[in-house]
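Structural features, examined
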Amino acid sequence: MEALKYPIGRFVALPEYTPAMLQGFIKDIHYLPQLIEIAVQDLDEYQLQTPYRPEGWTVAQVVHHLADSHMNGYTRMKLALTEDAPIIKPYEEGAWALLPDVKFTPINMSITLLHALHTRWTSLMEHLTPAEWERTFIHPANGTQHNLKTHAANYAWHGKHHLEHILRLKERMDW
């Protein structure tokens, strides 16, 4: 079950990230919308409503979750760049996945949103100074402070994590 839930493993923050690593994270975030679009392009409604694992989200919920989560990630980065160590607002992602916009909105809307959002987000990250990458925000759940390097690493991982959910489901189901 762990392999189905975390197909690329859990995110592990490193103590430091090199400029080359940051460029890799930016690239991963930049290309995610295209990779998601390709992964779901031939899926029918039945397939889109199939959970990627037992008790997991459907493919459609995963796509909408990526848009929701990455909007929050982008906003958190902008808050950290414009405020001193802001306390971010967490959200109940499981509850968001059950809201009517997820149930009744076609996934192409969230894919379009991801394309636009990731264009803005990568443009922002490509122009950050080394000092800006060190800016932080505080997560209120445990009071931990996160710098923007770790934040970018986490969201690069997050996109690949959910892309792999879809790709491995397609492989298991022979779609």
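My aim in this report is to walk through the structure given alongside it, one point at a time. (Residues numbered from 1 in each chain as written. Predicted model: local features only at pLDDT ≥ 70, side-chain atom pairs only at ≥ 80, totals over all residues. Heavy atoms only, no water.)

**Some words on the pattern of salt bridges**
Scanning all chains against the criterion turns up 6 salt bridges. A salt bridge links Asp-28 to Lys-160; the nearest nitrogen and oxygen atoms lie 3.1 Å apart. With Asp-28 in helix α2 (residues 19–40) and Lys-160 in helix α9 (residues 148–173), this residue pair connects regions lying 132 residues apart in the sequence. Glu-134 is paired through a salt bridge with Lys-149; the nearest N and O atoms lie 2.7 Å apart. One end of the pair, Glu-134, is in the loop between α8 (130–133) and β1 (136–139); the other, Lys-149, is in helix α9, with 15 residues separating them in the sequence. (Salt bridge = Lys/Arg side-chain N within 4 Å of Asp/Glu carboxyl O. Helix = DSSP H or I, 4+ residues; strand = E, 2+ residues; numbered from the N terminus.)

**Focus on the packing of helix α4 (residues 59–82) against helix α7 (residues 107–126)**
The geometry of α4 relative to α7 is characterised by a closest axis approach of 9 Å and an angle of 25° between their N-to-C directions. In terms of orientation, α4 lies roughly parallel with respect to α7. Along this stretch, α4 crosses α7, giving a crossing that reads as left-handed. Across the interface between the two elements, Ala-60, Val-63, His-64, Leu-66, Ala-67, His-70, Met-71, Gly-73, Tyr-74, Met-77, Lys-78 and Leu-81 from α4 touch Ile-107, Ser-110, Ile-111, Leu-113, Leu-114, Leu-117, His-118, Arg-120, Trp-121, Leu-124 and Met-125 from α7. Considering only residue class, the contact of α4 with α7 consists of 16 nonpolar, 5 polar and 2 charged. (Axes fitted to C-alpha atoms, helices over the stretch in contact; angles between N-to-C directions. Parallel < 35°, antiparallel > 145°, perpendicular 65-115°, else oblique. Left-handed = near helix turned anticlockwise from the far one by under 90°. Contact = heavy atoms within 4.5 Å. Nonpolar A, V, L, I, M, F, W, Y, C, P; charged D, E, K, R; others polar.)

**Points about the pairing of strand β2 (residues 144–147)**
Where β1 lies against β2, 4 bridges are found, and the strand directions are antiparallel. Across the sheet, Phe-137 pairs through a bridge with His-146, a residue of β2. Between the end of β1 and the start of β2, which pair antiparallel, lie 4 residues, with Gly-143 showing a positive phi angle near 70°. (Pairing = 2+ DSSP bridges.)

Such coordinate-based values are descriptive only and should not be taken to indicate function.
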